[in-house]
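# Architecture and fold: a report
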Amino acid sequence: MFLIILIWGSRKRKIHASYLFFFFTLIGSLFMILGILWLYLNVGELNIQILQYIMLSKEHQLILWFLFFVAFAVKVPIYPVHSWLPEAHVEAPTGGSIILAGVLLKLGLYGMLRVLIVLFPIGNIYYTPLIVTLSFISVIFISIIILQQIDLKKIIAYSSIAHMNFAVIGIFSNNIYGIEGSIFTMLSHGIISSMLFFCIGVLYDRYGERNLLYYSNIAQIMPYYSFFFFFSIFANLGMPGTSSFVGELLLLLSLSFKSTFLLFIMSFSLFLTTIYCIWLLNRICYGYMGFKYIIIYKDLIKFEFIVLIIFTILILFFFLYPNCILNLFHDFVYLNINKQVLFMSKLL
(Lines give C-alpha, C1' and ligand atoms only; values in the text may rest on other atoms or scores of the structure.)
Protein backbone atom coordinates (compact mmCIF):
# COMPACT_ATOMS: atom_id res chain seq x y z
CA MET A 1 0.00 0.00 0.00
CA PHE A 2 2.92 2.32 0.77
CA LEU A 3 4.33 1.76 -2.74
CA ILE A 4 0.91 2.08 -4.42
CA ILE A 5 0.43 5.54 -2.86
CA LEU A 6 4.06 6.60 -3.40
CA ILE A 7 4.38 5.50 -7.05
CA TRP A 8 0.85 5.73 -8.46
CA GLY A 9 -0.52 8.52 -6.28
CA SER A 10 -2.44 11.17 -8.14
CA ARG A 11 -1.23 14.44 -6.62
CA LYS A 12 1.85 16.23 -5.27
CA ARG A 13 1.14 15.30 -1.64
CA LYS A 14 1.51 11.57 -2.35
CA ILE A 15 4.96 11.41 -0.69
CA HIS A 16 3.58 13.05 2.45
CA ALA A 17 0.56 10.70 2.46
CA SER A 18 2.63 7.52 1.95
CA TYR A 19 5.07 8.35 4.75
CA LEU A 20 2.23 9.38 7.06
CA PHE A 21 0.60 5.99 6.39
CA PHE A 22 3.93 4.23 7.00
CA PHE A 23 4.89 5.96 10.25
CA PHE A 24 1.46 5.66 11.86
CA THR A 25 1.54 1.92 11.13
CA LEU A 26 5.14 1.65 12.33
CA ILE A 27 4.47 3.36 15.66
CA GLY A 28 1.36 1.27 16.29
CA SER A 29 3.27 -1.91 15.43
CA LEU A 30 5.97 -1.00 17.97
CA PHE A 31 3.44 -1.29 20.81
CA MET A 32 2.18 -4.60 19.43
CA ILE A 33 5.63 -6.18 19.11
CA LEU A 34 6.36 -5.23 22.73
CA GLY A 35 3.21 -7.09 23.77
CA ILE A 36 4.18 -10.13 21.69
CA LEU A 37 7.68 -10.19 23.19
CA TRP A 38 6.27 -9.93 26.71
CA LEU A 39 3.96 -12.88 26.05
CA TYR A 40 6.79 -15.01 24.70
CA LEU A 41 9.22 -14.18 27.50
CA ASN A 42 6.72 -14.65 30.35
CA VAL A 43 4.39 -17.33 29.00
CA GLY A 44 6.72 -19.04 26.53
CA GLU A 45 3.97 -19.51 23.95
CA LEU A 46 2.57 -17.52 21.01
CA ASN A 47 -0.01 -20.02 19.75
CA ILE A 48 -3.45 -18.41 20.12
CA GLN A 49 -5.08 -21.85 20.41
CA ILE A 50 -3.06 -22.40 23.60
CA LEU A 51 -2.96 -18.82 24.91
CA GLN A 52 -6.75 -18.57 25.00
CA TYR A 53 -6.83 -21.18 27.78
CA ILE A 54 -4.15 -19.46 29.89
CA MET A 55 -5.62 -17.17 32.54
CA LEU A 56 -3.35 -14.14 32.89
CA SER A 57 -3.64 -11.87 35.91
CA LYS A 58 -5.78 -8.76 35.70
CA GLU A 59 -2.76 -6.41 35.76
CA HIS A 60 -1.02 -8.26 32.94
CA GLN A 61 -4.18 -8.37 30.84
CA LEU A 62 -4.72 -4.62 31.20
CA ILE A 63 -1.16 -3.85 30.08
CA LEU A 64 -1.14 -6.32 27.20
CA TRP A 65 -4.61 -5.26 26.06
CA PHE A 66 -3.46 -1.65 25.79
CA LEU A 67 -0.27 -2.55 23.87
CA PHE A 68 -2.20 -4.57 21.29
CA PHE A 69 -5.06 -2.08 21.13
CA VAL A 70 -2.84 0.83 20.08
CA ALA A 71 -1.77 -1.09 16.97
CA PHE A 72 -5.33 -2.05 16.11
CA ALA A 73 -6.69 1.46 16.79
CA VAL A 74 -4.28 2.93 14.22
CA LYS A 75 -5.58 0.56 11.55
CA VAL A 76 -9.31 1.09 12.27
CA PRO A 77 -8.64 4.12 12.70
CA ILE A 78 -10.00 5.62 15.93
CA TYR A 79 -9.75 9.30 16.89
CA PRO A 80 -7.14 10.75 17.49
CA VAL A 81 -4.93 8.42 15.38
CA HIS A 82 -7.08 8.77 12.26
CA SER A 83 -5.37 11.55 10.34
CA TRP A 84 -3.38 9.24 8.04
CA LEU A 85 -6.47 7.74 6.40
CA PRO A 86 -7.95 10.77 4.58
CA GLU A 87 -4.51 11.67 3.24
CA ALA A 88 -3.86 8.10 2.07
CA HIS A 89 -7.25 7.84 0.36
CA VAL A 90 -6.97 11.21 -1.39
CA GLU A 91 -3.53 10.50 -2.83
CA ALA A 92 -4.04 6.81 -3.69
CA PRO A 93 -5.31 5.75 -7.14
CA THR A 94 -8.83 4.32 -7.38
CA GLY A 95 -7.59 0.71 -7.06
CA GLY A 96 -5.49 1.63 -4.02
CA SER A 97 -8.48 3.28 -2.34
CA ILE A 98 -10.61 0.18 -2.95
CA ILE A 99 -7.94 -2.08 -1.39
CA LEU A 100 -7.52 0.31 1.53
CA ALA A 101 -11.25 0.62 2.25
CA GLY A 102 -12.27 -2.93 1.38
CA VAL A 103 -9.45 -4.86 3.07
CA LEU A 104 -6.88 -2.93 5.11
CA LEU A 105 -9.31 -1.01 7.33
CA LYS A 106 -10.70 -4.35 8.51
CA LEU A 107 -7.35 -5.53 9.89
CA GLY A 108 -7.67 -3.49 13.07
CA LEU A 109 -11.15 -4.84 13.78
CA TYR A 110 -10.00 -8.36 12.93
CA GLY A 111 -7.19 -7.99 15.47
CA MET A 112 -9.65 -6.86 18.13
CA LEU A 113 -11.86 -9.88 17.47
CA ARG A 114 -9.02 -12.38 17.15
CA VAL A 115 -6.74 -11.15 19.94
CA LEU A 116 -8.38 -8.75 22.41
CA ILE A 117 -11.65 -10.65 22.90
CA VAL A 118 -10.05 -14.10 22.80
CA LEU A 119 -6.90 -13.53 24.89
CA PHE A 120 -7.70 -10.61 27.21
CA PRO A 121 -11.39 -10.82 28.21
CA ILE A 122 -10.87 -8.97 31.50
CA GLY A 123 -9.05 -6.11 29.80
CA ASN A 124 -11.74 -6.06 27.13
CA ILE A 125 -14.49 -5.47 29.73
CA TYR A 126 -12.36 -3.09 31.83
CA TYR A 127 -11.61 -0.73 28.93
CA THR A 128 -15.10 -0.87 27.39
CA PRO A 129 -16.26 2.59 28.71
CA LEU A 130 -13.12 4.26 27.34
CA ILE A 131 -13.36 2.67 23.89
CA VAL A 132 -17.10 3.27 23.52
CA THR A 133 -16.55 6.94 24.45
CA LEU A 134 -13.69 7.33 21.95
CA SER A 135 -15.72 5.62 19.22
CA PHE A 136 -18.77 7.83 19.72
CA ILE A 137 -16.57 10.94 19.74
CA SER A 138 -14.98 9.70 16.50
CA VAL A 139 -18.34 9.08 14.82
CA ILE A 140 -19.92 12.45 15.70
CA PHE A 141 -16.72 14.48 15.23
CA ILE A 142 -16.03 12.88 11.83
CA SER A 143 -19.64 13.30 10.67
CA ILE A 144 -19.43 17.03 11.35
CA ILE A 145 -16.04 17.28 9.60
CA ILE A 146 -17.48 15.65 6.47
CA LEU A 147 -19.93 18.52 5.98
CA GLN A 148 -16.94 20.88 5.65
CA GLN A 149 -15.09 18.86 2.98
CA ILE A 150 -15.07 19.54 -0.76
CA ASP A 151 -12.78 16.70 -1.91
CA LEU A 152 -14.95 13.72 -2.94
CA LYS A 153 -12.43 11.12 -1.79
CA LYS A 154 -12.00 12.79 1.58
CA ILE A 155 -15.76 12.68 2.11
CA ILE A 156 -15.86 8.92 1.50
CA ALA A 157 -12.67 8.40 3.55
CA TYR A 158 -14.10 10.19 6.58
CA SER A 159 -17.33 8.24 6.11
CA SER A 160 -15.27 5.03 6.31
CA ILE A 161 -13.83 6.16 9.65
CA ALA A 162 -17.33 6.74 11.02
CA HIS A 163 -18.58 3.31 9.89
CA MET A 164 -15.53 1.51 11.27
CA ASN A 165 -16.09 3.15 14.64
CA PHE A 166 -19.69 1.88 14.54
CA ALA A 167 -18.18 -1.59 14.23
CA VAL A 168 -15.80 -0.94 17.17
CA ILE A 169 -18.81 -0.02 19.33
CA GLY A 170 -20.38 -3.35 18.40
CA ILE A 171 -17.26 -5.32 19.37
CA PHE A 172 -17.16 -3.69 22.80
CA SER A 173 -20.87 -4.03 23.44
CA ASN A 174 -19.92 -7.45 24.89
CA ASN A 175 -23.00 -9.21 23.57
CA ILE A 176 -23.70 -11.52 20.64
CA TYR A 177 -25.77 -9.05 18.62
CA GLY A 178 -23.07 -6.37 18.82
CA ILE A 179 -20.16 -8.58 17.76
CA GLU A 180 -22.11 -10.22 14.94
CA GLY A 181 -23.36 -6.80 13.81
CA SER A 182 -19.78 -5.54 13.88
CA ILE A 183 -18.52 -8.36 11.68
CA PHE A 184 -21.41 -7.95 9.26
CA THR A 185 -20.80 -4.18 9.14
CA MET A 186 -17.17 -4.86 8.24
CA LEU A 187 -18.23 -7.04 5.32
CA SER A 188 -20.92 -4.64 4.16
CA HIS A 189 -18.70 -1.58 4.42
CA GLY A 190 -15.98 -3.30 2.40
CA ILE A 191 -18.38 -3.68 -0.52
CA ILE A 192 -20.21 -0.35 -0.25
CA SER A 193 -17.15 1.86 0.28
CA SER A 194 -15.37 0.11 -2.60
CA MET A 195 -18.38 0.88 -4.81
CA LEU A 196 -18.33 4.53 -3.73
CA PHE A 197 -14.60 4.90 -4.41
CA PHE A 198 -15.10 3.27 -7.80
CA CYS A 199 -17.87 5.78 -8.58
CA ILE A 200 -15.61 8.67 -7.58
CA GLY A 201 -12.84 7.15 -9.73
CA VAL A 202 -15.20 7.12 -12.73
CA LEU A 203 -15.82 10.86 -12.33
CA TYR A 204 -12.11 11.56 -11.89
CA ASP A 205 -11.25 9.62 -15.04
CA ARG A 206 -13.79 11.68 -17.02
CA TYR A 207 -13.06 15.16 -15.75
CA GLY A 208 -9.76 14.98 -13.83
CA GLU A 209 -11.36 16.73 -10.88
CA ARG A 210 -12.45 15.63 -7.38
CA ASN A 211 -13.65 19.02 -6.16
CA LEU A 212 -17.28 18.75 -5.08
CA LEU A 213 -17.98 22.31 -6.25
CA TYR A 214 -17.05 21.36 -9.83
CA TYR A 215 -19.97 18.97 -10.30
CA SER A 216 -23.69 19.56 -10.58
CA ASN A 217 -26.67 17.90 -12.26
CA ILE A 218 -24.70 14.83 -13.36
CA ALA A 219 -28.03 12.95 -13.52
CA GLN A 220 -28.91 14.67 -16.80
CA ILE A 221 -25.72 13.75 -18.66
CA MET A 222 -24.79 10.44 -16.96
CA PRO A 223 -28.08 8.71 -16.02
CA TYR A 224 -26.69 5.18 -15.64
CA TYR A 225 -23.84 6.43 -13.47
CA SER A 226 -26.29 8.47 -11.38
CA PHE A 227 -28.43 5.40 -10.74
CA PHE A 228 -25.50 3.41 -9.34
CA PHE A 229 -24.21 6.39 -7.35
CA PHE A 230 -27.70 6.91 -5.95
CA PHE A 231 -27.81 3.24 -4.91
CA SER A 232 -24.35 3.29 -3.30
CA ILE A 233 -25.16 6.45 -1.32
CA PHE A 234 -28.37 4.95 0.07
CA ALA A 235 -26.52 1.72 0.86
CA ASN A 236 -23.92 3.77 2.75
CA LEU A 237 -26.54 5.41 4.97
CA GLY A 238 -28.11 2.02 5.82
CA MET A 239 -31.31 2.10 3.82
CA PRO A 240 -33.52 -1.02 4.23
CA GLY A 241 -32.91 -3.28 1.25
CA THR A 242 -29.12 -2.94 1.46
CA SER A 243 -26.57 -5.01 3.38
CA SER A 244 -25.54 -2.18 5.73
CA PHE A 245 -29.08 -2.10 7.14
CA VAL A 246 -28.58 -5.58 8.66
CA GLY A 247 -25.33 -4.65 10.39
CA GLU A 248 -26.63 -1.35 11.75
CA LEU A 249 -29.84 -2.98 12.97
CA LEU A 250 -27.83 -5.55 14.94
CA LEU A 251 -25.62 -2.78 16.38
CA LEU A 252 -28.67 -0.78 17.50
CA LEU A 253 -30.18 -3.91 19.00
CA SER A 254 -27.00 -4.60 20.96
CA LEU A 255 -26.96 -1.06 22.38
CA SER A 256 -30.61 -1.33 23.39
CA PHE A 257 -29.51 -3.97 25.92
CA LYS A 258 -26.67 -1.80 27.22
CA SER A 259 -27.93 1.76 27.58
CA THR A 260 -30.76 3.92 26.29
CA PHE A 261 -28.37 6.89 26.28
CA LEU A 262 -25.88 5.07 24.02
CA LEU A 263 -28.73 4.01 21.75
CA PHE A 264 -29.81 7.64 21.44
CA ILE A 265 -26.27 8.81 20.60
CA MET A 266 -25.85 6.16 17.93
CA SER A 267 -29.25 7.01 16.45
CA PHE A 268 -28.18 10.66 16.33
CA SER A 269 -24.90 9.72 14.62
CA LEU A 270 -26.86 7.70 12.04
CA PHE A 271 -28.97 10.82 11.49
CA LEU A 272 -25.76 12.78 10.77
CA THR A 273 -24.72 10.04 8.35
CA THR A 274 -28.00 10.46 6.50
CA ILE A 275 -27.47 14.22 6.29
CA TYR A 276 -24.03 14.09 4.68
CA CYS A 277 -24.97 11.23 2.34
CA ILE A 278 -28.04 13.07 1.00
CA TRP A 279 -26.02 16.30 0.83
CA LEU A 280 -23.33 14.60 -1.28
CA LEU A 281 -25.88 13.02 -3.62
CA ASN A 282 -27.73 16.31 -4.07
CA ARG A 283 -24.58 18.32 -4.83
CA ILE A 284 -23.35 15.90 -7.51
CA CYS A 285 -26.48 14.59 -9.23
CA TYR A 286 -28.84 17.57 -9.03
CA GLY A 287 -28.81 21.34 -9.14
CA TYR A 288 -27.99 23.89 -11.85
CA MET A 289 -26.42 22.51 -15.03
CA GLY A 290 -23.04 24.21 -15.53
CA PHE A 291 -22.32 23.60 -19.21
CA LYS A 292 -19.17 25.70 -19.16
CA TYR A 293 -17.61 23.31 -16.63
CA ILE A 294 -18.84 19.89 -17.76
CA ILE A 295 -17.79 19.43 -21.38
CA ILE A 296 -17.51 15.64 -21.57
CA TYR A 297 -20.79 13.75 -21.97
CA LYS A 298 -19.84 10.12 -21.58
CA ASP A 299 -21.76 7.68 -19.43
CA LEU A 300 -20.53 4.32 -18.10
CA ILE A 301 -18.50 2.10 -20.40
CA LYS A 302 -19.08 -1.67 -20.43
CA PHE A 303 -16.35 -2.52 -17.90
CA GLU A 304 -17.54 0.11 -15.40
CA PHE A 305 -21.15 -1.02 -15.82
CA ILE A 306 -20.24 -4.69 -15.10
CA VAL A 307 -18.19 -3.79 -11.99
CA LEU A 308 -21.00 -1.65 -10.56
CA ILE A 309 -23.58 -4.38 -11.30
CA ILE A 310 -21.45 -6.87 -9.34
CA PHE A 311 -21.24 -4.50 -6.36
CA THR A 312 -25.01 -3.94 -6.51
CA ILE A 313 -25.78 -7.68 -6.61
CA LEU A 314 -23.51 -8.34 -3.61
CA ILE A 315 -25.14 -5.57 -1.55
CA LEU A 316 -28.62 -6.90 -2.32
CA PHE A 317 -27.62 -10.53 -1.78
CA PHE A 318 -26.20 -9.97 1.71
CA PHE A 319 -29.36 -8.10 2.69
CA LEU A 320 -31.60 -10.95 1.51
CA TYR A 321 -29.42 -13.78 2.89
CA PRO A 322 -27.44 -12.41 5.88
CA ASN A 323 -27.39 -15.81 7.60
CA CYS A 324 -24.97 -17.16 5.00
CA ILE A 325 -22.39 -14.95 6.76
CA LEU A 326 -23.77 -14.76 10.30
CA ASN A 327 -23.90 -18.55 10.70
CA LEU A 328 -20.20 -18.84 9.91
CA PHE A 329 -19.06 -17.11 13.09
CA HIS A 330 -22.01 -17.56 15.46
CA ASP A 331 -20.22 -20.30 17.43
CA PHE A 332 -17.04 -18.20 17.73
CA VAL A 333 -18.98 -15.22 19.11
CA TYR A 334 -21.10 -17.33 21.47
CA LEU A 335 -18.09 -19.15 22.99
CA ASN A 336 -16.07 -15.98 23.56
CA ILE A 337 -18.96 -14.11 25.14
CA ASN A 338 -19.47 -17.02 27.54
CA LYS A 339 -15.74 -17.09 28.28
CA GLN A 340 -15.76 -13.41 29.22
CA VAL A 341 -18.62 -14.01 31.65
CA LEU A 342 -16.83 -17.04 33.12
CA PHE A 343 -13.52 -15.23 33.61
CA MET A 344 -15.21 -12.24 35.21
CA SER A 345 -17.07 -14.48 37.64
CA LYS A 346 -13.77 -16.13 38.61
CA LEU A 347 -12.15 -12.74 39.08
CA LEU A 348 -14.96 -11.50 41.29
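Conventions used here
- Residues numbered from 1 in each chain as written.
- Predicted model: local features only at pLDDT ≥ 70, side-chain atom pairs only at ≥ 80, totals over all residues.
- Heavy atoms only, no water.
- Helix = DSSP H or I, 4+ residues; strand = E, 2+ residues; numbered from the N terminus.
- Rg over C-alpha atoms; globule rule 2.2 N^0.38 Å.
- Buried < 20%, exposed > 50% of the residue type's maximum accessible area, 1.4 Å probe, protein only.
- Areas by Shrake-Rupley, 256 points an atom, 1.4 Å probe, with all protein chains shown as cover.
- Lys, Arg positive; Asp, Glu negative; His and termini not counted.
- Charge placed at Lys NZ, Arg CZ, Asp CG, Glu CD.
- Axes fitted to C-alpha atoms, helices over the stretch in contact; angles between N-to-C directions.
- Parallel < 35°, antiparallel > 145°, perpendicular 65-115°, else oblique.
- Left-handed = near helix turned anticlockwise from the far one by under 90°.
- Contact = heavy atoms within 4.5 Å.
- Nonpolar A, V, L, I, M, F, W, Y, C, P; charged D, E, K, R; others polar.
- Phe/Tyr/Trp six-rings, centres within 6.5 Å; stacked < 30°, edge-to-face > 60°.
- Lys NZ or Arg CZ within 6 Å of the ring centre and 35° of its normal.
- 1 Å grid on protein atoms, 1.4 Å probe; cavity = no way out; pocket = protein on both sides within 12 Å on 5 of 7 lines; lining within 4 Å.
- Points joined across faces, edges and corners; volume = space filled by probe spheres on them.

If you tally the helices and strands in the chain, you get 16 helices and 0 strands. Scaling as 2.2 N^0.38, a compact globule of 348 residues should have a C-alpha radius of gyration of about 20 Å, and the chain matches this with 21 Å. Principal-axis analysis of the C-alpha atoms places the extent of the chain at approximately 70 × 40 × 35 Å. Expressed as a percentage of its 348 residues, the buried residues of the chain come to 54%. Carbon and sulfur atoms form 71% of the exposed surface of the chain, whose accessible area is close to 15,500 Å². Both charge centroids of the chain, one from 19 positive and one from 12 negative side chains, sit 4 Å from each other.

To continue, consider the packing of helix α10 (residues 176-207) against helix α15 (residues 302-320). If you want to describe how two helices pack, look at the angle between their axes and the distance between the axes. At a minimum axis separation of 10 Å, α10 and α15 run at an interaxial angle of 160°. By the angle between their axes, α10 is roughly antiparallel relative to α15. Where α10 crosses over α15, the two elements pack in a sense that is left-handed. Facing α10, whose interface residues are Phe-184, Leu-187, Ile-191, Ile-192, Ser-194, Met-195, Phe-198, Cys-199, Val-202 and Arg-206, α15 presents Phe-303, Glu-304, Val-307, Leu-308, Phe-311, Thr-312, Leu-314, Ile-315 and Phe-318. In the contact of α10 with α15, the residues fall into 15 nonpolar, 2 polar and 2 charged.

Quick look at the packing of aromatic side chains now. One pass over the full model with this rule turns up 26 aromatic pairs. Centre to centre, the rings of Tyr-225 and Phe-229 are 5.9 Å apart; their planes meet at 10°, and the pair counts as stacked. Of this pair, Tyr-225 and Phe-229 both sit in helix α12 (residues 223-236), 4 residues apart, which is roughly one turn of the helix. According to the relative accessible area criterion, Tyr-225 is buried, its value standing at 0%. Feature note: the residues Trp-65, Phe-69, Tyr-126, Tyr-127 and Phe-172 constitute an aromatic cluster, connected by ring pairs. The ring of Tyr-204 is capped by Arg-210, whose NZ or CZ atom sits 4.9 Å from the centre of that ring.

So, about the layout of surface pockets. Empty space among the atoms becomes apparent when a probe as large as a water molecule is rolled across them. Put simply, the second largest pocket is a space of about 150 Å³. Surrounding the second largest pocket, 14 residues form its lining, Phe-69, Val-70, Ala-73, Val-81 and Leu-134 being those nearest its centre. For the lining of the second largest pocket, the elements supplying multiple residues, two or more each, are α4 (58-75) and α8 (128-146). Considering each element in turn, the lining of the second largest pocket owes the most residues, 6 residues, to α4. A per-class count over the lining of the second largest pocket returns 14 nonpolar, no polar and no charged.

Another point: the environment of Leu-152. Structurally, Leu-152 can be placed in helix α9 (residues 152-171). Classification of Leu-152 by relative accessible area gives buried; the value is 1%. Measuring from C-alpha to C-alpha, the distance between Leu-152 and Asn-211 comes to 6.3 Å, with 59 residues separating the pair along the chain. If we skip the residues at most four places from it in the chain, Leu-152 touches Ile-200, Leu-203, Arg-210, Leu-212, Tyr-215, Leu-280 and Ile-284.

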